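Read off the chains here:
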Amino acid sequence: MFRGYEKNYYKTDYYYRKFYENYDKKGELLENELEQLREKIENFYGRKQLDELAMKWTETIESELKDGWVLSGINLQKDFYENEIKKYEKGNEKIFVIISDALRYETAKEVSELLNTEIDANDISIEPLLGTVPSYTKAG
């Protein structure tokens, strides 16, 4: 499920967000024409897609993570510095890390693709990490 979201399922969230970005710009002239489409999207995404994914996530967590919050091949968020940053300590190479609390994966994916296009670097990457459970933010 984790890798499935990373590779494909995130696209549903992406297209849902893009629909609403454009829907909000529609103006009054298109309001009636787009309302039926909006309702269909809400029924699919909000009721069918999210409900089904939530059930599958729950089943996966109960079957695969009942003994601990670790997935084979998925790096832990708490090990980020050790795994990704420490190797740059002694070199002159610059590294930039974008850290955001609760940034949706699909949004981070879009930002990384835009940055690669804008600066033509193709060395900007995104890697999901497994966080702690329960998650919390001390600052609120």
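First, a word on what this report is: a plain description of the structure on this page.

### Concerning the packing of helix H1 (residues 2-23) against helix H4 (residues 105-119)
Line of reasoning, step 1. Axis separation between H1 and H4 bottoms out at 8 Å; the angle between their running directions is 90 degrees. Classed by the angle they form, the pair H1 and H4 counts as roughly perpendicular. Counted together, Tyr5, Glu6, Tyr10, Asp13, Tyr14, Arg17 and Lys18 of H1 and Tyr105, Glu106, Thr107, Lys109 and Glu110 of H4 form the full contact between these two elements.
Line of reasoning, step 2. Each residue belonging to the contact of H1 with H4 can be placed in one class, and the counts come to four nonpolar, one polar and seven charged.

### Comments concerning a nonpolar patch on the surface
Line of reasoning, step 1. A cluster of nonpolar residues, Ile61, Trp69 and Val133, forms a patch on the protein surface that exposes about 250 Å² of accessible area.
Line of reasoning, step 2. A relative accessible area of 54% places Val133 in the exposed class.

### Examining helix H2 (residues 31-64)
Line of reasoning, step 1. The principal kink in H2, of about 30 degrees, is found at Gln49.
Line of reasoning, step 2. Taken residue by residue, H2 has Glu42, Tyr45, Gln49, Leu53 and Thr60 as its buried positions.
Line of reasoning, step 3. In the core, the buried residues of H2 are packed alongside H1.

Quick notes on the rules
Residues numbered from 1 in each chain as written. Predicted model: local features only at pLDDT ≥ 70, side-chain atom pairs only at ≥ 80, totals over all residues. Heavy atoms only, no water. Axes fitted to C-alpha atoms, helices over the stretch in contact; angles between N-to-C directions. Helix = DSSP H or I, 4+ residues; strand = E, 2+ residues; numbered from the N terminus. Parallel < 35°, antiparallel > 145°, perpendicular 65-115°, else oblique. Contact = heavy atoms within 4.5 Å. Nonpolar A, V, L, I, M, F, W, Y, C, P; charged D, E, K, R; others polar. Patch = residues over 30% accessible without salt bridge, like charges linked within 9 Å, V, L, I, M, F, W, Y side chains within 5 Å. Areas by Shrake-Rupley, 256 points an atom, 1.4 Å probe, with all protein chains shown as cover. Salt bridge = Lys/Arg side-chain N within 4 Å of Asp/Glu carboxyl O. Buried < 20%, exposed > 50% of the residue type's maximum accessible area, 1.4 Å probe, protein only. Bend = angle between axes of the 7 residues up to and from the residue.

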